[in-house]
Amino acid sequence: MKKNFKYVGLTAGLSFTIALAACGGGGSDDSEEQESGSEGGESSEESAGGNIGEEMDYTITGIDAGAGVMAAAEQSIEDYGLDDWSLQSSSDAAMTSALDEAISNEEPIVITGWNPHWMFSVHDLKYLEDPEGSFGEAEDIHTIAREGLEEDAPEAYEVLDNFQWEGEQMEEVMLEIYNGAEPEEAARTWVDENEDVVSAWTEGVEEVDGEPLSLAFVAWDSEIASTNVVAQVLMDQGYEVETTPMEANIMFQAVAQGEQDAMVAAWLPATHEQYFSDYEDQFTDLGANLEGARIGLVVPEYVEAESIEDLASE
């Protein structure tokens, strides 16, 4: 069972940046090399960031504007002097759709990415190196419960407190959903096929008879997967579970004010830092249900860039 604790002095919010770089080829003689190199004394490496930026209209494809990763991406634009670049907000689904289309056309794209995520199983992707640390260190995903849940629904509280899994396990559910399964169906399949894992969450927990329970989540693919898995496990224990997607700030507020019983979708210490800090005295943090999550700027492997620095125009 995980120990309850609260974060103190959480780090700054996260962001995603883009990195793509292309090198020009040389010719067979000196004059060709000069023509293919650069104008005004710039080398092909120095102009690579500009070339890549032009191909993508200097746009980083992001997710919802309120996400901590978006704040981190904005910070990376400042940290790396990407003055020509802008961060385009959309949604998790819109971002992955843009990624799919770019890869199908072998075009460059920079997205705000994170894992666990199914896209790393489907596509050959890489994180751009972040020497300035704009995106911070690895994160954990936490389970948070409303005050009083332990007294009101001790069985559910215990399952939530015991819930912990690995990134690869989450990605199995995410990939099933990506391949067309309904979230509830994918979660049901995973629970049925992983009884050994689930039994550790429910060992010694008594069943109930139709007691209601509500779970909030932010509609990212990762949190859709985890919330549906937990919902299926709690329903097997006899709960009538309602799951509700919300914007991240509303999710924290709803649990803090007792309008929702719990969530398994709090990215800490950076992504949801502000929301956690706003309400940390009004709910119970049950600790990490998944450790070692990562965020950053992500590009297809074929993009000739390794660092966010490569995006800068000289």
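Look up: the structure comes first, before these words.
Residues numbered from 1 in each chain as written. Predicted model: local features only at pLDDT ≥ 70, side-chain atom pairs only at ≥ 80, totals over all residues. Heavy atoms only, no water.

S.K.: Looking at this model, I keep getting lost on the environment of Ala67. Mind explaining?
M.R.: Following the sequence through the fold, Ala67 ends up in the loop between strand S1 (59–61) and helix H3 (68–79). A residue is classified by how much of its surface remains accessible, and Ala67, at 3% relative accessible area, is buried. Along the chain, Ala67 and His272 lie 205 residues apart, while their C-alpha atoms are 7.5 Å from each other. (Helix = DSSP H or I, 4+ residues; strand = E, 2+ residues; numbered from the N terminus. Buried < 20%, exposed > 50% of the residue type's maximum accessible area, 1.4 Å probe, protein only.)

S.K.: Sorry, what's going on with the packing of aromatic side chains here?
M.R.: Any two aromatic rings considered together are summarised by their centre-to-centre distance and by the angle between their planes. In the structure shown here, the tally under the stated rule is twelve aromatic pairs. On the numbers, 5.6 Å between centres and 45° between planes, the contact of Trp114 with Trp220 is tilted. Of the two residues, Trp114 is situated in strand S3 (residues 111–115) and Trp220 in the loop between strand S6 (212–217) and helix H11 (221–236); the sequence distance between them amounts to 106 residues. Members of the aromatic cluster, joined through ring pairs, are Phe163, Trp165, Trp190 and Trp201. Sitting over the face of the ring of Tyr127, Arg294 holds its NZ or CZ atom 3.9 Å from the ring centroid. (Phe/Tyr/Trp six-rings, centres within 6.5 Å; stacked < 30°, edge-to-face > 60°. Lys NZ or Arg CZ within 6 Å of the ring centre and 35° of its normal.)

S.K.: When you look at H3 in this model, what are you seeing that I'm missing?
M.R.: Working note: α-helix, 3.6 residues per turn, so residues spaced by three or four point in the same direction. Helix length check: H3 (twelve residues) gives 16 Å between terminal C-alpha atoms against 16 Å at 1.5 Å per residue, within 8%. Within H3, burial applies to Gly68, Val69, Met70, Ala72, Ala73, Ser76 and Ile77. Of the surrounding secondary structure, the elements contacted by the buried residues of H3 are S1, strand S2 (86–88), S3 and strand S9 (283–300). Positioned one or two residues after H3, Gly81 has a phi angle of 65°, which is positive. (Expected span 1.5 Å × (residues − 1). Contact = heavy atoms within 4.5 Å.)

S.K.: Explain the pairing of strand S7 (residues 240–245) here, please?
M.R.: Looking down a regular strand, the side chains alternate between one sheet face and the other. As defined by bridge partners, S6 adjoins S7 across six bridges and the pair is classed as parallel. Among the inter-strand pairings, Phe217 is bridged to a residue of S7, identified as Pro245. Considered for its hand, the β-α-β crossover made up of S6, H11 and S7 is right-handed. (Pairing = 2+ DSSP bridges. Right-handed = clockwise from strand over helix to strand, strands pointing away.)

S.K.: What exactly am I supposed to notice about the pattern of salt bridges here?
M.R.: Working definition: two side chains of opposite charge can pair if their charged atoms are close together. Counted by the stated rule, this structure contains five salt bridges. The residue Asp261 makes a salt bridge to Arg146 at a minimum N-O spacing of 2.6 Å. One end of the pair, Asp261, is in the loop between helix H12 (248–256) and strand S8 (262–268); the other, Arg146, is in strand S5 (residues 139–146), with 115 residues separating them in the sequence. Residues Arg188 and Asp236 are paired through a salt bridge, measuring 2.8 Å at the closest nitrogen-oxygen approach. Taken together, the residues span a long stretch of sequence, with Arg188 in helix H9 (residues 183–193) and Asp236 in helix H11 at a distance of 48 residues. You can call Arg188 partly exposed: its relative accessible area is 23%. It is possible to trace a salt-bridge network through shared partners that takes in Arg146, Asp152 and Asp261. (Salt bridge = Lys/Arg side-chain N within 4 Å of Asp/Glu carboxyl O.)

S.K.: Quick question: what am I supposed to make of the pairing of S8 here?
M.R.: Along S8, seven of the seven residues are buried, which leaves the element largely enclosed by surrounding structure. In this structure, S5 lies alongside S8, joined through five bridges in antiparallel fashion. In the strand pairing of S8, Asp140 is matched with Leu268. Looking at chain direction, S6 and S8 are connected through two bridges and run parallel. Bridge assignment links Ala216 to a residue of S8, and that residue is Met263.

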